[in-house]
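# Reading the structure
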Amino acid sequence: MTKSLCWLALPLSVIPIAYALLGRDLGHFLVWWLALGVIGWLFWPVAARLFPDGDQGYLLAKPIGLALSTLVFWTLSYLKILKFTRPVLIVVLLGTGLLAWLWQKNGWQLTASKSWPSRIRRAAAGELIFGLALLAWTFARGLKPEIDGLEKFMDVGFMNTIWRTDYLPAADMWLSGHSINYYYYGQYAYTFVAKLVGLRPEISYNLAMATTFAMAFALSYAAVSQIFHLLRASQPKMPRALPAVGGLLAGGLVSLTGNSHAFFYADKGPGQRIIDSLVNNNVISGLADKMFWFADSTRFIGYNPDTGDKTIHEFPFYSFLVADLHAHVVNLAFVLLLVALLARLVADHRLVGAAENLRIHQQQDFSSDRDWHRSGLSETFKRFKALAANGKVLMILILLSIAMMGNYWDFAIYLTVLAIVLFLINIRSFGTIRAAGIPVFLVQCALLLLVYLGTGNPIVTLVLLLLAVLVNHYLTLVFGDALTLTGAQISWAMFLPHLLTLPFSLGFESIAKSLALTVSSTPLWQLLILWGPHVLAALLFIVFLLTAARPGSRLSRLSQQPPDRSGQNLSAGRLARFIRGYSTADLLMVVLAICAIGLLIVPELIYVVDIYSGDYKRANTMFKFTYQAFVLLSLVWGYAVVRVGAAWIRWQAKLSTRLLAWPAGLIFIVLVVALVLPAWYPAAATTQWLGDISVARYQGLDGLVQFGQKNSDKIEEYALGELAPDLAAINWLNQNVEGQPVILEAAGESYTDYCRISAFTGLPTVMGWETHEWLWRTSKSTPEAYGSVVWPRQEDVRLMYTTSDQTQRIQLLDQYDITYIIIGDLERAKYSETLEDGTKHSLVQEDLLLELGDKVFEQDGFLIIQLPFNG
């Protein structure tokens, strides 16, 4: 035991490296890492019950703990039971963690096992992997720490307004008097950690970005490791190193590579000659010699060549580079945890048993209708209990709940993935799809869709979904088969997340959306440039399973895979008999591959209608769908390389099968060689954005410092450091103003320097970034949000700054309950006119504004006026 505990010192080897790289930020890094570690340690017993193999879910305990503790506090704060203060957060975290250790003797079972010493070694190795990944991207953020550009004002604004809040929901920093009407759970989760350690958002923002990278790498490793543990359960002679090797490869593919665009278009890219040749021969169009910029790989379709169908197709490494702490990025940790849970769920004995019992019950002959009905209801309840009381299912549905509040696209995507996995379990175990079951299943789905799409009131939706759960489970009594059982299970998978998100939903107006057919589809050659290698890897893996590893083949018999325990079901259909020959691990990866390819195809057929129209109408749909497709295909590719390679090596060892093994060898070689294509992106892109990777260039983790050194393109004169007074004002407000009094600053366009004070302080302003508020406020009740919400407030802000009618100004200031008026060069530039000589003249009535209150801050012409009647 003592020797095993020495392994705990292994992660500590990260500290001297961190000191050499981070210098003065070492303390920030260590306290943040420690907080994440404490969250994981407190919830390790829960992870151990869900993931009993390997390290007992040590790495997965971090996102489990983050999900459970933040959801408990989120709910209680929404119900106005708990205040968002550091002491309360600590109590909630320790309380839920203590419950995790004591519940059903979880902690005792974790530490009492004879495998505890081995578990310690594995956990230490896992913590080392996470710590090194966290350090690597903390250093990367320190090379370019500024919280500026793209979506960063929005993301840090969410963190700042949550930081200041007493109770959730958090106030919208860009629409005073309203709470945030967007999916902000991810920013909340990281603000939760920031409050625990006492690090303000300007620093914790960059540590949060580093954590997203570390989580993506470590959890990809953990998820694929779990799938290999599942494989070794059916093929125990597979090498013990498979989980670690496959996990590391998958982690690298998900978090460190990109699509294949850079291989063909980057300067000196190996595939550039191919593009040149195809363009010169008029096979494809576009610019072959365009100078590559790292963002080009995410803005290719519709941009090169320039068409009226501009799309977005990002992937995690690009997200880590540009460092937008956006919903789809933060939710990666929960997505990868969900995939790991699917690896445990797909072989869950309770769900397998429920499907088998349904088949057995359907075959029984009862003497009377009363006996049949009474017995059937009892069996239906048992099947429901096998689902509802299943810890893995519960954790998956908790993650889907978080997706509903953090990144709604992930809810829709992974609910579909869950449904397919449940069907896989049911078809393997039940064995058939009855002809009568197909229309019944369609009725089940139609019932859910009618409730989901046809109701706007969250409580009504919840009641009707509960009714759908009862009806759809009852239908399995009459028309029970693999399909209808899946339909019943999907009902519960929709109901519980809606129940868990009810406090959030009651104050949230769903953003109005509808579906439309795609007008312009992507040329095939562009799809191949972006995702061809990933899709090829998935297809080659499926070919491997259908040929060399097909059930009954000579090579598959060498694996000595035991027959499926439900294989004696003589009534099983052809599909069930076929898939029972494969391991559940392989089948799960096929499901993920098919889902990922489907996510690539869907935007070519339909798109979700939102406020973006014209050239950008399907940009958001392609963005969110292909992002998850990249993640899933990367996991499949990492698994496939090691799975095929291990099988080929093993078959090669059998002298009599070498000739038979050559197809597997060829597939393995192609899978490995093709890795060069996605790996070319980080080689071409990293230094373009981060610059030279050297300790001498490290700037620190404070993302506000550079803001005071920039030149704003919204101020006419070119002058570096012209926003230094703005930075000083931000710091003054953060140090001197408690709560969330309303401020008045210039309303402006999205993705500009406007609304910087509200973003960096969390103090709500009358009107913020226009496009963002337009999107957030477009709902069924306000379908024309720009005209009814955005524009009127923009006009009111303009009047408050420019009107000469003091009475009108006071009325508006009072109407919006404004306490502080901001007057800086951005306000003067926003509200100005151009004179005949070409010079700009500010229309801001500074003298009249100064008459209304006290000047509490002044620096280089930057003013903050506090109004006594609202202060």
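Quick summary incoming for the structure in this document.

Reading the values: rules and limits
- What you see as residue numbers is a count from 1 along each chain, following the sequence as written.
- Only residues with pLDDT of at least 70 get local features here, since the model is predicted, and only at 80 or more are side-chain atom pairs given and counted; chain-wide, interface and lining totals rely on the full set of residues.
- As a convention, hydrogens and water are excluded, and side-chain values are obtained from all of the structure's heavy atoms.
- We count a stretch as a helix when DSSP gives it H or I for four or more residues in a row; a strand needs E for two or more, and each element gets its number in order from the N terminus.
- Radius of gyration here is computed from C-alpha atoms only, and the compact-globule reference equals 2.2 Å multiplied by the residue count raised to the power 0.38.
- Buried residues are those whose accessible area, probed at 1.4 Å on protein chains only, stays under 20% of the maximum for their type, while exposed residues exceed 50% and partly exposed ones sit between those limits.
- In this analysis, two residues are considered to be in contact whenever any of their non-hydrogen atoms come within 4.5 Å of each other.
- Per-residue accessibility takes into account occlusion by the displayed protein chains alone, with areas from the Shrake-Rupley method and a 1.4 Å probe.
- Positive charges come from Lys and Arg alone, negative charges from Asp and Glu alone, with His and the N- and C-terminal ends not counted.
- Here the site of a charge means NZ on Lys, CZ on Arg, CG on Asp, or CD on Glu.
- Expected span, for any helix, means 1.5 Å times one less than how many residues it has.
- A pair of strands is considered paired only if DSSP assigns at least 2 bridges between the two.
- Note on definitions: angles span 0 to 180 degrees between N-to-C directions of axes, and those axes are lines fitted to C-alpha atoms, for helices only across the stretch in contact.
- A pair of Phe, Tyr and Trp rings is counted when the ring centres sit within 6.5 Å of each other, with Trp represented by its six-membered ring. The angle between the planes then sorts it: under 30 degrees is stacked, over 60 is edge-to-face, the rest tilted.
- Look at NZ for Lys and CZ for Arg. If either is within 6 Å of the ring centre and within 35 degrees of the ring normal, a charge sits over the ring.
- Patch rule: a residue counts if its relative accessible area is over 30% and it has no salt bridge; like charges are joined within 9 Å, and nonpolar side chains (Val, Leu, Ile, Met, Phe, Trp, Tyr) within 5 Å.
- Only one rule defines a salt bridge in this text: a Lys or Arg side-chain nitrogen within 4 Å of an Asp or Glu carboxyl oxygen.
- Here is the rule for angles: anything less than 35 degrees is roughly parallel, anything more than 145 is roughly antiparallel, 65 through 115 is roughly perpendicular, and the remaining ranges are oblique.
- Definitions for this section: a left-handed crossing has its near helix turned counterclockwise from the far helix by less than a right angle. A right-handed crossing has that turn clockwise.
- By the convention adopted, Pro, Cys, Tyr, Trp, Phe, Met, Ile, Leu, Val and Ala count as nonpolar, Lys, Arg, Asp and Glu as charged, and the other residues, Gly among them, as polar.

### Comments concerning the overall build of the protein
Within the protein, the regular secondary structure consists of 39 helices and eight strands. On C-alpha atoms alone, the protein measures out to a radius of gyration of 29 Å, which is about the 29 Å that the 2.2 N^0.38 rule sets for 871 residues. Buried positions account for 61% of the 871 residues belonging to the protein. Partitioning the contacts of the protein with sequence separation of at least 6, the portion at a separation of at least 24 is 76%. Accessible surface computed for the protein: about 33600 Å², of which carbon and sulfur atoms make up 63%. Taking the 65 positively charged and 63 negatively charged side chains of the protein as two groups, their mean positions are separated by 21 Å.

### Re the environment of Arg299
For Arg299, the position within the fold is in the loop between helix H14 (272-280) and helix H15 (316-322). The exposure class assigned to Arg299 is partly exposed, which follows from its relative accessible area of 25%. Sequence separation of Arg299 and Lys310 is eleven residues, and the distance between their C-alpha atoms is 7.5 Å. Setting aside residues no more than four positions away along its own chain, Arg299 makes contact with Thr311, Ile312, His313, Glu314 and Tyr318.

### Some points on helix H12 (residues 242-256)
Between its first and last C-alpha, H12 extends 20 Å over 15 residues, near the 21 Å set by a 1.5 Å rise per residue. All buried positions along H12 are accounted for by Leu242, Pro243, Gly246, Gly247, Ala250, Gly251, Gly252, Leu253, Val254 and Ser255.

### Focus on the sheet that holds strand S3 (residues 742-744)
The strand order across the open sheet built from four strands is S3-S4-S8-S7, with neighbouring strands paired in mixed fashion. Every interior strand has two partners, whereas the edge strands, S3 and strand S7 (854-859), have only one. Within this sheet the neighbouring strands show an average axis-to-axis angle of 20 degrees, counted without direction. Bridge count for S7 against strand S8 (residues 862-866) is five bridges, and the pairing is antiparallel. In the strand pairing of S8, Glu858 is matched with Leu863. Together, strand S4 (818-823), S7 and S8 form the strand contacts of helix H33 (residues 724-736), whose direction differs from that of S7 by roughly 135 degrees. Lying on the sheet, helix H36 (residues 785-802) is in contact with S3 and S4; it crosses S4 at an angle near 75 degrees.

### Considerations on the packing of aromatic side chains
Within the structure shown, the criterion is met by 56 aromatic pairs. Directly above the ring of Tyr754 sits Lys830, whose terminal nitrogen or CZ lies 5.3 Å from the centroid.

### Re a nonpolar patch on the surface
Judged by side-chain polarity, Val460, Leu464, Leu466, Leu467, Leu470 and Val471 come together as a nonpolar surface patch covering roughly 470 Å² of accessible area. Its location among the elements puts Val460 in helix H23 (residues 458-478). The partly exposed category is assigned to Val460, whose relative accessible area is 40%.

### Some remarks on the packing of helix H35 (residues 770-777) against H36
Here H35 crosses H36 at 140 degrees, and the two axes come no closer than 9 Å. Classified by the angle their axes make, H35 and H36 are oblique. Here H35 and H36 pass one another in a crossing that is right-handed. Side by side, H35 and H36 meet where Glu770, Glu773, Trp774 and Arg777 of the first sit next to Ala785, Tyr786, Val789, Val790 and Gln794 of the second. Tallied by class, the residues present in the contact of H35 with H36 amount to five nonpolar, one polar and three charged.

### What about the packing of helix H9 (residues 152-164) against helix H10 (residues 185-197)?
Two elements in contact, H9 and H10, have axes whose closest approach is 9 Å; the angle formed by their N-to-C orientations is 55 degrees. Between H9 and H10, the angle falls in the class oblique. Handedness of the H9/H10 crossing: right-handed. Along the contact surface, H9 presents Met154, Asp155, Phe158, Met159, Ile162 and Trp163, while H10 presents Gln187, Tyr188, Tyr190, Thr191, Ala194 and Lys195. Grouping the constituent residues of the contact of H9 with H10 by class yields eight nonpolar, two polar and two charged.

### Regarding the pairing of S4
In terms of burial, S4 is a largely internal element, six of the six residues being buried. Two strands pair when backbone bridges link them, and S4 and S8 are joined in this way by four bridges, in the antiparallel orientation. When the bridges of S8 are listed, Ile821 appears paired with Ile865.

### Describing the pattern of salt bridges
Scanning all chains against the criterion turns up 24 salt bridges. Of the charged contacts in the structure, one is a salt bridge between Lys62 and Glu127, with a shortest N-O distance of 2.7 Å. Note that Lys62 is positioned in helix H5 (residues 58-78) and Glu127 in helix H8 (residues 116-143), a separation of 65 residues in sequence. For Lys62, a relative accessible area of 2% corresponds to the buried category. For the salt bridge of Asp348 with Lys392, the shortest nitrogen-to-oxygen distance reads 2.9 Å. A residue pair is termed long-range when its members are at least 10 positions apart, and Asp348 in the loop between helix H17 (332-345) and helix H18 (349-363) and Lys392 in helix H20 (residues 391-406) qualify at 44 residues. Given a relative accessible area of 2%, Asp348 falls into the buried group. Using a relative accessible area of 12% as the deciding quantity, one classes Lys392 as buried. Taken together, the shared-partner salt bridges in this structure form one network comprising Asp726, Glu745, Arg756 and Glu827.

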